[in-house]
Amino acid sequence: MTTLRAFTCDDLFRFNNINLDPLTETYGIPFYLQYLAHWPEYFIVAEAPGGELMGYSAAALMLCVFTVMGKAEGSVAREEWHGHVTALSVAPEFRRLGLAAKLMELLEEISEKKGGFFVDLFVRVSNQVAVNMYKQLGYSVYRTVLEYYSASSGEPDEDAYDMRKALSRDTEKKSIIPLPHPVRPEDIE
């Protein structure tokens, strides 16, 4: 039976099998520790019965504009308080079992409890498997962010979709009205 639990510092030394996917953004240890310190409720890991990490998510609830690793951010006054999915990653051998959907559901529940208007995430335009999964989970493309992901080995930088899902607090669904034009990373609040 899969166990969903809070991510711990010890997990930083156990999740390489998840993070080695080329579509997974990898960060330095201080970055993960910052999320763990500020938004521990948004840092969740899925563990197999034998103790092997299957996936994690990190998110945050932010005051402007949520693997699972995330945070909360944004402005309540401007109706931009939301959960932000920073990372969602599942080890290849545990994909297609519904773990990503379950981790996203947990992050959405946390964001609802914290009074968020929506949940957002960034995904590579080329990662159609992920884009389609997020659409099945009720997310839509809010805007395209030009050259959001840095490329390696001389290739051009890659665009990202900023995808959003309105939560119950956004009764008029204003947070998911698509922007008519792309933006640059420096234009994102």
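Figured I'd write up the structure that's included with this text. Everything quoted here is computed from the prediction, not taken from an experiment. (Residues numbered from 1 in each chain as written. Predicted model: local features only at pLDDT ≥ 70, side-chain atom pairs only at ≥ 80, totals over all residues. Heavy atoms only, no water.)

**A few points about the pattern of salt bridges**
Link 1 in the chain: One pass over the full model with this rule turns up seven salt bridges.
Link 2 in the chain: In this structure, Arg-124 engages Glu-158 in a salt bridge whose closest nitrogen and oxygen atoms are separated by 3.0 Å. Highlighted residues: Arg-124 in strand 6 (residues 118-124) and Glu-158 in strand 8 (residues 158-166), separated in sequence by 34 residues.
Link 3 in the chain: For Arg-124, a relative accessible area of 14% translates into the label buried.
Link 4 in the chain: Arg-184 is paired through a salt bridge with Glu-147; the nearest N and O atoms lie 2.6 Å apart. Remark: Glu-147 occurs in strand 7 (residues 140-149) and Arg-184 occurs in the segment after strand 8; sequence separation between them is 37 residues.
Link 5 in the chain: Overall, Glu-147 belongs to the partly exposed group, its relative accessible area being 39%.
Link 6 in the chain: One continuous salt-bridge network, built from bridges that share partners, spans Glu-147, Arg-184 and Glu-186. (Salt bridge = Lys/Arg side-chain N within 4 Å of Asp/Glu carboxyl O. Helix = DSSP H or I, 4+ residues; strand = E, 2+ residues; numbered from the N terminus. Buried < 20%, exposed > 50% of the residue type's maximum accessible area, 1.4 Å probe, protein only.)

**Some points on the pairing of strand 6**
Link 1 in the chain: Extensive coverage of strand 6 is indicated by the burial of seven of its seven residues.
Link 2 in the chain: Side chains Phe-118, Asp-120, Phe-122 and Arg-124 of strand 6 all project onto a buried face; the interleaved residues Val-119, Leu-121 and Val-123 project onto the opposite face, where all are buried too.
Link 3 in the chain: Bridge count between strand 5 (residues 82-90) and strand 6: four bridges; the pairing is parallel. By the bridge assignment for strand 6, Gly-83 is matched with Val-119.
Link 4 in the chain: Regarding topology, helix 3 (residues 99-113) serves as the crossover connection from strand 5 to the parallel strand 6, and that connection is right-handed. (Pairing = 2+ DSSP bridges. Right-handed = clockwise from strand over helix to strand, strands pointing away.)

**Here's the deal with helix 4 (residues 128-136)**
Link 1 in the chain: Residues of helix 4 that are buried: Ala-130, Val-131 and Tyr-134. Buried residues of helix 4 fall within an arc of 100° about the axis and therefore sit on the same side. Relative to its buried face, helix 4 has exposed residues pointing more than 90 degrees away, namely Val-129 and Gln-136.
Link 2 in the chain: Considering only its buried residues, helix 4 is in contact with strand 5, helix 3, strand 6 and strand 8. (Arc of directions from axis to C-beta. Contact = heavy atoms within 4.5 Å.)

**Quick word on the nonpolar core**
Nonpolar side chains tend toward joint burial in soluble globular proteins.
Link 1 in the chain: Leu-121, Val-123, Tyr-134 and Met-163 are the most contacted members of the largest nonpolar core, which has 38 residues in total.
Link 2 in the chain: Residue assignment for this core shows that the elements contributing at least two residues are helix 2 (29-38), strand 2 (44-47), strand 5, helix 3, strand 6, helix 4 and strand 8.
Link 3 in the chain: Considering each element in turn, this core owes the most residues, six residues, to helix 3.
Link 4 in the chain: Setting aside anything within four residues of it in sequence, one finds Tyr-134 in contact with Leu-88, Met-104, Leu-121, Val-123, Tyr-139 and Met-163.
Link 5 in the chain: Formed by five residues, the second largest nonpolar core is a distinct cluster that contains Phe-122, Val-145, Ala-160 and Val-183. (Core = buried A, V, L, I, M, F, W, Y, C linked by side-chain atoms within 4.5 Å.)

Coordinates in, geometry out; function isn't part of it.
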